[in-house]
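Below, each chain spelled out in residue letters.
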Amino acid sequence: MAALALIMERRRNAAALGSLLIPAALIAALLLALWATQSKGAVAACAIAIGIWLATLVLGRMVSTRPRATVFAGWIVALVAATAVIGLLRAKPDALGRSILFRYMYWQGACDMIADQGVLGVGANNFGRHFTRYKSVECPEEVESPHSWPMQFASEWGLIGLAGFLLLALGTSLRAAAAAPGALPAHSEPDRAGPGPVVPEPVIAPSQNARSAKATLFATTKNRANAETLNYATKPQSSASGPHSIILWIAAVFLAAFVPWIATLGESNVVFVALHVGVAALPWFVGMALVSLQSIKSPGIPETPVFAMAAAIAAGLVGFLIHTSIDLALFIGGPATTFFALAAILLAVRESRSAEGEPDAKRTTPHPRAEIAAALVGLVLIVAIAAQLARPAATLADSLVTARSDNRPSPWDVYNASAAGLAYHEGHAAYRLDATAGIELIEQLMRRVQSLAHSEALLQLADECRRRDPNNSLITAHLSGIYRQRYEITHNPADFQKSIELYRVCIDQYPTAPMRHIHFANLLEEYANATHDTSPLREAAAQLRTALDLESRRIYVSQPNRMKPLELNVLNSRIQSLSNE
């Protein structure tokens, strides 16, 4: 969107054709990427964004004279359109295709989650931990996101969080519209270089003769020409070595943002650094060149192209919100950061443009020392966060990859002392807010339990993982397995009962998974055989019937993941046998 607006602006100003190459190449690359994704939603959102931008160009006077009314009208249109789509899906869920049908199933689960969890939500990034509890059996996937920013805000941040984001978006759109060029008073639209010398208008009395009038007019015209010359001379001229040089700006951005990042990740794998730093740095540099490079002779960073792209950026942000209403990009770090950064840039450009028409006494600008202090504090925070969170991941990345591929059989003590075991232990200690390394270590150690001491150590590790990730049903399943192993050592029925109790929680956490019901039936049957108590067998038969019922309703699950006829026959035979006990 910004590239399209920049091309239009440069063509309108008769800029050199060479200055169009970078934005044109960027547009071509993005169109190619759009075609490669085969995303109908992305294409539709892009078309809507372009339509909004063109509408602002055609209806520019109306938009500029009534900006707030235009914003409210846009929000009303968005609300009506969303209501219409929801009504259509409720009437016919597959009306918009299979992809939207699956998303509608995610949204149904999210609505049940919202109704059950109240207004505060389940917490950021916790949707996937709770979704399986509310997922319908027809839904084919266990997703970590509902693929919709309103649903994710409402389910994770609660209705309060959704209302806060909507107020933020409404306030941002109103602020941007209020600072639009046409919304400024007519007398406050200044020349780009600032006010020049005041040139008085000639006053020609009726009694003056033609010669004196001509002389006065000539003098006034000369004064105006001198004023324009002076005004042009006071404009800041860009040059390759001047303070506005693109080279210096790129160097400044690289030093401030990417050198500390590279230093933090310096000991890690080269590919890791390339992916995490290079992919982030490239758009900065390409974008800098896109905005600034109009000619090789004058590679400066003018303000006019940035301001000319403001309406297109705003339309692009609207298109992004529309697309992410059926996608998950707003909750992914890179796209989310880009979205909010562009919104901030849009507001900053609008505000600075509005301030040009105000008297000097009314302008409020931050003190340079305050700006420097804020920048230093932000830089320190970024480096500290990267050092505490990103550096451990980078330094342990290679060793954890090696650990995941080490499946050699070995006793408990030998494995813990091996490179793979040490990598998992170091990862569990380094990632103090995450349980992934600990869960994988549990899976490795469960195969090597040989004594009660091993079982106790494994229970401590599992409890720590559950403390870090309390809603992860996989940890609950592992705890059930640990207590089942513990029974083999202690022969204490209480350990087996604890295993059954924990797996019952697993069923509650994912009630529509047939395999969990089958595993629970196996556990109950084993307990009945071990304790010679036949009462659990009836519950085991009921669990197998539930599994068969769920399997028959999994209509959107791919065929390789469906139960084979032989497996179904075996389950029916087991149900018959258990029911006769």
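Procedures and definitions
Residues numbered from 1 in each chain as written. Predicted model: local features only at pLDDT ≥ 70, side-chain atom pairs only at ≥ 80, totals over all residues. Heavy atoms only, no water. Helix = DSSP H or I, 4+ residues; strand = E, 2+ residues; numbered from the N terminus. Buried < 20%, exposed > 50% of the residue type's maximum accessible area, 1.4 Å probe, protein only. Contact = heavy atoms within 4.5 Å. Areas by Shrake-Rupley, 256 points an atom, 1.4 Å probe, with all protein chains shown as cover. Core = buried A, V, L, I, M, F, W, Y, C linked by side-chain atoms within 4.5 Å. Axes fitted to C-alpha atoms, helices over the stretch in contact; angles between N-to-C directions. Parallel < 35°, antiparallel > 145°, perpendicular 65-115°, else oblique. Nonpolar A, V, L, I, M, F, W, Y, C, P; charged D, E, K, R; others polar. Expected span 1.5 Å × (residues − 1). Arc of directions from axis to C-beta. Phe/Tyr/Trp six-rings, centres within 6.5 Å; stacked < 30°, edge-to-face > 60°. Lys NZ or Arg CZ within 6 Å of the ring centre and 35° of its normal. Patch = residues over 30% accessible without salt bridge, like charges linked within 9 Å, V, L, I, M, F, W, Y side chains within 5 Å. Salt bridge = Lys/Arg side-chain N within 4 Å of Asp/Glu carboxyl O. Left-handed = near helix turned anticlockwise from the far one by under 90°. pLDDT = per-residue confidence, 0-100. Polar contact = N/O pair within 3.5 Å; in protein donor to acceptor, adjacent residues only side chain to side chain.

## Observations concerning the overall build of the protein
Line of reasoning, step 1. A count of helices and strands for the protein gives 24 helices and zero strands.
Line of reasoning, step 2. In the protein, which comprises 581 residues, the proportion classed as buried is 35%.
Line of reasoning, step 3. Restricting to contacts in the protein with at least 6 residues of sequence separation, those with at least 24 account for 66%.
Line of reasoning, step 4. Carbon and sulfur atoms form 65% of the exposed surface of the protein, whose accessible area is close to 33,100 Å².

## Observations regarding the nonpolar core
Line of reasoning, step 1. Ranked by internal contacts, the top residues of the largest apolar core, which has 26 residues, are Ile442, Leu445, Leu458, Cys465 and Ile482.
Line of reasoning, step 2. Taken together, the elements giving at least two residues each to this core come down to α15 (368-404), α16 (412-417), α17 (419-430), α18 (436-445), α19 (452-468) and α20 (473-490).
Line of reasoning, step 3. It is α19 that contributes the most residues to this core, five residues altogether.
Line of reasoning, step 4. Sequence-distant contacts of Cys465, defined by excluding residues within four places in its chain, comprise His428, Ala435, Gly438, Ile439, Ile442 and Ile475.
Line of reasoning, step 5. Formed by 23 residues, the second largest nonpolar core is a distinct cluster that contains Leu524, Ala528, Ala547 and Leu571.

## Overview of the packing of helix α6 (residues 98-117) against helix α7 (residues 127-134)
Line of reasoning, step 1. In the contact formed by α6 and α7, the axes pass within 9 Å of each other and the chain directions differ by 95°. Relative to α7, the element α6 is oriented roughly perpendicular. Mapping the contact onto sequence places Met105, Tyr106, Gly109, Ala110, Asp112, Met113, Asp116 and Gln117 in α6 and Phe127, His130, Phe131 and Tyr134 in α7.
Line of reasoning, step 2. Grouping the constituent residues of the contact of α6 with α7 by class yields seven nonpolar, three polar and two charged.

## Remarks on α17
Line of reasoning, step 1. Taking 1.5 Å per residue as the helical rise, α17 with its twelve residues ought to reach 16 Å, and the 16 Å between its terminal C-alpha atoms agrees with that figure.
Line of reasoning, step 2. Listing the buried residues of α17 in full gives Ala420, Gly421, Ala423, Tyr424, Gly427 and His428. What you see down the axis of α17 is that its buried residues fit within an arc of 160°, all on one side. Exposed residues pointing more than 90 degrees away from the buried face of α17 are listed as Ala419 and Ala429.
Line of reasoning, step 3. Of the surrounding secondary structure, the elements contacted by the buried residues of α17 are α15, α16, α18 and α19.

## Notes on the packing of aromatic side chains
Line of reasoning, step 1. Under the counting rule described, the total for this entry stands at 14 aromatic pairs.
Line of reasoning, step 2. Between Phe339 and Phe340, the ring centres sit 5.1 Å apart and the planes meet at 80°, which makes this aromatic pair edge-to-face.
Line of reasoning, step 3. You can call Phe339 buried: its relative accessible area is 8%.
Line of reasoning, step 4. On the accessibility criterion, Phe340 (39% relative accessible area) is partly exposed.
Line of reasoning, step 5. Among the aromatic residues, those joined into a ring-pair cluster are Trp149, Phe153, Trp157, Phe165, Phe320, Phe331, Phe339 and Phe340.
Line of reasoning, step 6. Stacked on the ring of Tyr415, the Lys or Arg Arg448 has its end atom at 4.1 Å from the ring centre.

## Here's the deal with a nonpolar patch on the surface
Line of reasoning, step 1. A cluster of nonpolar side chains, contributed by Met8, Leu54, Leu57, Val58, Leu59 and Met62, occupies part of the molecular surface with about 570 Å² of accessible area.
Line of reasoning, step 2. Among the elements that line the nonpolar patch, the one with the most residues is helix α3 (residues 40-58), at three residues.
Line of reasoning, step 3. Tracing the backbone through its elements, the reader meets Met62 in helix α4 (residues 60-65).
Line of reasoning, step 4. Among the residues examined, Met62 registers a relative accessible area of 47% and is labelled partly exposed.

## Quick look at the environment of Lys498
Line of reasoning, step 1. The topology assignment puts Lys498 in helix α21 (residues 493-509).
Line of reasoning, step 2. Residue classification places Lys498 among the partly exposed positions, given a relative accessible area of 29%.
Line of reasoning, step 3. Each C-alpha atom of the pair Lys498 and Ile482 lies 9.9 Å from the other, and the pair is 16 residues apart in sequence.

## Some details on unusual backbone geometry
Line of reasoning, step 1. Not every positive phi belongs to a glycine, and His147 is a case in point at roughly 60°.
Line of reasoning, step 2. Mapped onto the elements of the fold, His147 is located in the loop between α7 and α8 (149-178).
Line of reasoning, step 3. For His147, a relative accessible area of 13% translates into the label buried.

## Description of the packing of helix α1 (residues 2-12) against α3
Line of reasoning, step 1. Two elements in contact, α1 and α3, have axes separated by 11 Å at closest approach and are oriented at 35°. Note that α1 runs across α3; the crossing there is right-handed. Contacts between α1 and α3 pair Leu4, Ala5 and Met8 from the former with Ile50, Trp53 and Leu57 from the latter.
Line of reasoning, step 2. When its residues are assigned to classes, the contact of α1 with α3 shows six nonpolar, no polar and no charged.

## Side note on the environment of Ile326
Line of reasoning, step 1. Residue placement: Ile326 occurs in the loop between α13 (310-324) and α14 (333-355).
Line of reasoning, step 2. Ile326 gets classed as partly exposed once you look at its relative accessible area, which sits at 24%.
Line of reasoning, step 3. When the C-alpha atoms of Ile326 and Met151 are compared, they prove to be 9.6 Å apart, with 175 residues separating the residues in sequence.
Line of reasoning, step 4. Leave out the neighbours within four places in its chain, and Ile326 touches Gly41, Ile100, Arg103, Trp107, His147 and Ser148.

## Thoughts on α21
Line of reasoning, step 1. With 17 residues, α21 extends 25 Å between its outermost C-alpha atoms, agreeing within 8% with the 24 Å of an ideal straight helix rising 1.5 Å per residue.
Line of reasoning, step 2. All buried positions along α21 are accounted for by Asp495, Phe496, Ser499, Ile500, Leu502, Tyr503, Cys506, Ile507 and Gln509. Projected down its long axis, α21 shows its buried positions confined to an angular sector of 170°, all on one face.
Line of reasoning, step 3. Close packing links the buried residues of α21 with α7, α19, α20 and α22 (514-531).

## With respect to the confidence of the model for the protein
Line of reasoning, step 1. Summary statistics for the protein give a mean pLDDT of 79 and a share of 80% for residues scoring 70 or more.
Line of reasoning, step 2. Low pLDDT, under 50, characterises residues 181-243; the predicted model gives this stretch 46 contacts beyond four residues in sequence or across chains.

## A closer look at the side chain of Gln444
Line of reasoning, step 1. For Gln444, the position within the fold is in helix α18.
Line of reasoning, step 2. A polar side-chain atom of Gln444 sits 2.5 Å from a polar atom in the side chain of Arg447.
Line of reasoning, step 3. Here Gln444 is in contact with Asp406, Asn407, Tyr415 and Tyr424, once residues within four sequence places are set aside.

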